[in-house]
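In case you want the letters, here they are:
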Amino acid sequence: MGVDSTLVEALRRELGSDGVLDRRSQRVPYECDGLAFARQVPELVLLPRDTQQTAAAMRLLHEARVAIVPRGAGTGLSGGATPVEGGVTIGTGRMRSVLHIDALNRWARVQAGVVNADLGHACESHGLFYAPDPSSQKACTVGGNVGENSGGPHCFRYGNTSQHVLGLVIVTPQGEILDLSEPQVDPQGLDLVGLFTGSEGMLGIATEITVRLLPVPEVVETWVALFRSLDAACDATSDLIAARAEPSAIEILDKLTIEAVEQSVLRAGYPQDAEAVMLLELEGSEASVQANAAVIEPLLAVRGAFGLRRARASADRARLWAGRKGAYGAMGRIAPDLYVCDAVVPRRHLRALVRRTTEICSGKGLRIANVFHAGDGNLHPNISYDRRNPEELRRVLEAGDEMMRACIEAGGSLSGEHGIGLEKLSAMPWMFSSEDLAVMCRVREAWDPECRMNPGKLLPIRACMETRMRAPGAT
Amino acid sequence: MDNHSLVDYAKSLDCVHCGLCLNSCPTYRITGRESSSPRGRIHLMRSVAEGAIEPDDDFAEEMDFCLLCRNCESVCPSGVRYGAMMEHTRGALEERRQRPWTARLARSIGFGILRDRMALRVTARLARLAEGTGLARLVGAPALPRHAERVLLPTHMPAEGGELARVAMLEGCVMPELLGHVQRATAQVLQRAGCTVQISPMHVCCGSLHAHNGEVKAACELARATIEAYERLTDERGNPLPLIINSAGCGSHIKEFEHLFADDETMAVRARALSGRSFDLSQFLAREPFRSRLMQRLNPKASHQGPYAWDDPCHLCHGQGVRREPRELLQAAVGDGLVPLADPESCCGSAGIYSLLRPRDSQAVLQPRIEALRASGARTLVTSNPGCQMQWEAGIRTAQLDVSVSHLAEVLERASR
């Protein structure tokens with residue numbers, strides 16, 4: 001069993017020749033996602049066009065006992081789409097249709113490969129928007145967002161992807177189609193849609209997604225405030241939250257990030273003499289935005305904010321945001337590779353943990369840039385490195401582990417929005433007991449007893465082996 | 001030759017693999033394939049340089065499939081110089097490629113004709129004759145205007161209403177044969193904006209098509225000839241004249257001549273000097289005092305048939321970063337008749353000679369643009385690159401839309417009569 005010419009032929013019959021990539025130069029670019037140091041060339045890449053083709057391919061792979069790794073746009077940062085040895089990658093690159101928009105009832109149904117920003121454009125003319133806005137939204141797919149339960153700046157107010165998924169069409173590891181696409185505000189019976197969202201490709205592949213849309217607020221105002229220290233910006237965030245003067249997004253960029261962004265095509269006009277830039281967004285009715293502004297402005301001033309700019313026109317707002325959204329890529333100007341950590345800390349510890357991450361990295365001789373969703377307490381220490389230097393890569397990974405431990409010790413968690421994937425697999429036992437992990441493994445095995453879906457991610461293998469040993473009738 | 005030299009490896013390291021380029025790429029959008037995306041192609045280049053894959057036919061095919069529209073550069077936060085990398089790899093691949101003699105002959109004739117005014121004229125005349133026989137349609141050649149349309153511009157055209165400046169204008173290789181009316185309109189608009197226009201009698205082709213298609217040696221020779229030709233067109237004090245270019249592809253290439261002379265500092269300096277005084281027509285006309293002079297003459301009611309839509313040629317918006325100026329001029333020329341076109345910065349599929357080399361792919365890239373044009377309700381599509389102009393015309397004919405295509409210069413000329 002495994003990938004052989006009979007299987008390839010059978011897959012070609014189902015997907016057409018364009019849907020089955022077996023030439024090496026077509027497979028190599030799929031060897032990694034945004035976590036570029038983890039690589040494995042897949043045996044095959046499949047590009048189905050719809051649910052039926054996905055199901056047909058999954059049935060064949062089930063019969064051949066081949067491992068499957070689902071992939072959206074490959075922009076993930078935790079290695080969720082890193083292929084596995086001997087396995088097949090199923091990409092949603094040809095499933096890009098917005099199937100239906102119900103403007104009155106405020107939902108849309110899309111194919112999994114629809115790009116997050118394209119969904120946004122599609123509902124614009126209805127005066128609606130899709131709230132989760134990962135920084136990679138111009139490229140990442142809604143299907144990938146479901147797999148990773150992605151966030152974004154505005155999730156401070158609106159919640160992560162799971163808050164916005166109303167229904168799914170799922171193809172199970174056995175190739176069966178599970179249609180849960182009717183938009184459900186209060187799911188009947190077990191909430192399978194809720195379970196699936198954020199399952200990192202371990203339970204099956206979502207091929208169609210029904211999402212909640214929200215009305216575009218009357219007024220949206222983006223603020224940029226500058227600070228003389230990163231500490232001051234962190235303190236201002238805590239103050240805003242303590243005062244319940246909550247904007248819809250609170251983002252902080254440090255000096256190194258500002259420099260990289262200002263050199264890039266995404267130049268946002270952030271002044272380079274500031275040690276930290278805070279981006280805020282206020283939205284709602286004219287009166288509520290005014291009232292909120294009256295509360296926020298003095299709170300920022302107390303912490304020494306200066307150079308405050310406010311923008312309402314969408315082009316101006318987009319320019320201010322562009323720098324934030326392209327910050328990751330802009331760091332490519334500093335070194336060939338970038339490792340983006342993703343950890344969450346209680347917001348009262350924001351200042352201390354941001355300092356701690358900087359100390360950890362400078363102690364290892366690494367360059368760190370901080371750009372993060374401050375409102376969520378979601379840190380993104382960005383470490384620049386060169387993957388061709390194995391010694392440096394080792395220090396990067398060590399620093400990542402140390403930062404993660406520090407965050408957990410402070411009462412935080414492993415992932416804000418990037419998922420666990422390969423990257424934080426070994427950190428799972430720091431956060432969860434072996435009983436916790438065993439329960440998760442049993443849920444997974446209820447869907448996929450052979451553990452063929454995205455194996456080696458999210459759940460440490462040992463924990464899974466333990467459950468299997470304990471399961472009745474296990475060999 | 002080792003495989004490392006196929007790739008501009010240092011530039012490939014600028015890519016951090018973030019993927020923000022994917023959705024901007026026309027070939028990724030039509031195939032959904034990572035290997036046909038900018039990130040995927042850079043990944044392939046890097047893999048070749050690092051010895052992980054062989055530069056086989058599949059690799060070459062992915063490199064050829066790229067339109068070189070450079071939309072990815074406009075969205076890349078890392079500032080990856082994708083266009084330059086692709087030109088490098090295509091050039092190196094071409095050197096070692098074993099083409100059948102027929103293909104080699106066709107290439108050398110095709111790229112050779114572009115360099116020679118007499119050959120261009122003869123070819124145009126032959127092609128015009130062949131049109132009568134229906135042969136040209138059969139091979140998909142563009143329609144040629146009649147002989148009277150194909151006269152070359154005079155070398156000296158005086159400013160109207162008092163000279164504000166003297167400028168050189170790029171006449172180009174295929175433009176006089178295929179789009180003579182655009183050349184005349186360009187010169188007239190410049191004259192009305194107060195410029196005395198000079199044409200270099202010795203210059204033919206800037207070599208942009210050669211550079212984009214792996215003919216590096218010819219591209220270097222043509223760049224050198226271009227630099228020399230326009231150094232000779234000077235004002236009374238001996239300073240070289242600004243060079244006005246109405247073809248986005250040529251403009252983008254001329255502004256980047258410097259890359260061709262990485263090993264020749266003297267030529268690189270001269271290339272930089274020419275880049276510094278080269279302007280897209282819209283860029284130049286948006287500057288004072290020419291802008292005011294032209295604005296006085298514009299009468300929005302006098303122009304073609306509205307509503308109008310503006311299509312950004314890739315090598316204008318992505319290659320030269322020029323976006324605002326043509327819109328402002330067009331707005332001034334047609335008043336409120338300008339309607340938005342969806343995705344105006346994405347490629348129409350012309351891409352130099354891509355539409356001739358890969359007609360099917362070119363059509364697939366054009367298709368969504370034709371739908372966007374249909375949805376816009378425009379009756380006149382305005383652009384400023386000869387390839388785009390002809391590509392749109394052919395696509396509009398096939399789709400049976402009632403839309404005409406104009407160069408920005410033509411709209412400005414009509415509105416300033």
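Cut-offs used in this document
- Residues numbered from 1 in each chain as written.
- Chains lettered and ligands numbered in written order.
- Predicted model: local features only at pLDDT ≥ 70, side-chain atom pairs only at ≥ 80, totals over all residues.
- Domains from an automatic or database assignment.
- Contact = placed C-beta atoms within 7 Å.
- Helix = DSSP H or I, 4+ residues; strand = E, 2+ residues; numbered from the N terminus.
- Buried ≥ 20, exposed ≤ 12 C-beta atoms within 10 Å, placed from the backbone.
- Core = buried A, V, L, I, M, F, W, Y, C linked by C-beta atoms within 7 Å.
- Pairing = 2+ DSSP bridges.
- Axes fitted to C-alpha atoms, helices over the stretch in contact; angles between N-to-C directions.
- Nonpolar A, V, L, I, M, F, W, Y, C, P; charged D, E, K, R; others polar.
- Expected span 1.5 Å × (residues − 1).
- Arc of directions from axis to C-beta.

Caption draft 1: Representation of the domain arrangement of chain B in the model. Looking at chain B, the domain boundaries give domain 1 (3–96), domain 2 (101–147), domain 3 (150–285) and domain 4 (298–415). One C-alpha centre belongs to domain 1 of chain B, the other to domain 2 of chain B; they are set 32 Å apart.

Caption draft 2: The interface of chain A and chain B, seen in detail. Residue-level contacts link 36 residues of chain A with 30 residues of chain B. Going through the elements one at a time, α2 (24–27), α12 (327–330) and β16 (337–340) of chain A are the ones with two or more residues in the side of chain A that touches chain B.

Caption draft 3: Here's a closer look at the environment of L300 of chain A. Residue and element names in this part refer to chain A. Tracing the backbone shows L300 in helix α10 (residues 286–302). Judged by the 24 C-beta atoms lying within 10 Å of it, L300 falls in the buried class. It is 41 Å that separates the C-alpha atoms of L300 and D102, two residues lying 198 residues apart in sequence.

Caption draft 4: Inspection of the environment of P307 of chain B at higher detail. Residues and elements named next belong to chain B. With respect to the helices and strands, the residue P307 is situated in the loop between α17 (290–297) and β6 (308–310). Here P307 falls in the partly exposed class, since 15 other C-beta atoms lie within 10 Å of it. Measuring from C-alpha to C-alpha, the distance between P307 and S376 comes to 9.0 Å, with 69 residues separating the pair along the chain. Leaving out residues up to four positions away in the same chain, P307 has contacts with G337, V339, G377, A378 and R379.

Caption draft 5: Fine view of the nonpolar core. L46, V211, V277 and M278 of chain A together with I244 of chain B are the most contacted members of the largest nonpolar core, which has 250 residues in total. The contact partners of I244 of chain B, leaving out residues within four places of it in the chain, are V167, A168, M169, L170, L190, F279, L281 and F284 of chain B.

Caption draft 6: Representation of the sheet that holds β16 of chain A. Residue and element names in this part refer to chain A. A sheet is described by the order of its strands in space; here seven strands give the open sequence β15-β12-β14-β13-β18-β20-β16, paired in antiparallel fashion. Edge positions in the sheet fall to β15 (306–311) and β16, since each has one partner strand and no second. Going across the sheet, the axis of each strand differs from the next one's by a mean of 20 degrees, ignoring polarity. Sheet analysis places strand β13 (residues 249–254) next to strand β14 (residues 276–284), joined by six bridges and oriented antiparallel. Bridge pairing in β14 links L253 to V277. Sheet strands touched by helix α13 (residues 350–363): β18 (367–372) and β20 (381–385). Its angle to β18, the strand with the most contacts, is close to 160 degrees.

Caption draft 7: Up close: the domain arrangement of chain A. Residues and elements named next belong to chain A. Entries for chain A in the domain assignment read domain 1 (5–91), domain 2 (98–215), domain 3 (219–328) and domain 4 (335–425). Relative to domain 3, the C-alpha centre of domain 2 lies at a distance of 28 Å. In this assembly, five residues from domain 2 lie in contact with seven residues from domain 3. A breakdown of the residues in the side of domain 2 that touches domain 3 according to their chemical character gives two nonpolar, two polar and one charged.

Caption draft 8: How the structure looks around helix α3 (residues 51–63) of chain A. Residue and element names in this part refer to chain A. For α3, spanning 13 residues, the distance from its first C-alpha to its last is 18 Å, which sits close to the expected 18 Å at 1.5 Å a residue. For α3, every residue scored as buried is listed here: T51, Q53, T54, A55, A57, M58, L60 and L61. At the C-terminal side of α3, R65 shows a positive phi close to 55 degrees.

Caption draft 9: Region of interest: helix α4 (residues 116–124) of chain A. Residues and elements named next belong to chain A. The set of residues buried in α4 consists of N116, L119 and C123. Projected onto a plane normal to the axis of α4, the buried residues spread over an arc of 60 degrees and lie on a single side. For α4, the elements touching its buried residues are β5 (98–102), β6 (107–111), β7 (128–129) and α5 (142–148).

Caption draft 10: Summary view of the sheet that holds strand β1 (residues 156–157) of chain B. All names here are of chain B. One open sheet holds the five strands; their spatial order is β1-β3-β2-β4-β5, and the pairing between them is mixed. One side of each edge strand has no neighbouring strand; the edge strands of this open sheet are β1 and β5 (278–280). Sheet analysis places strand β4 (residues 243–245) next to β5, joined by three bridges and oriented parallel. Within β5, the position partnered with L243 by the bridge is S278. Packing of helix α14 (residues 248–255) onto the sheet brings it into contact with β4 and β5, and relative to β5 it is tilted by some 150 degrees.

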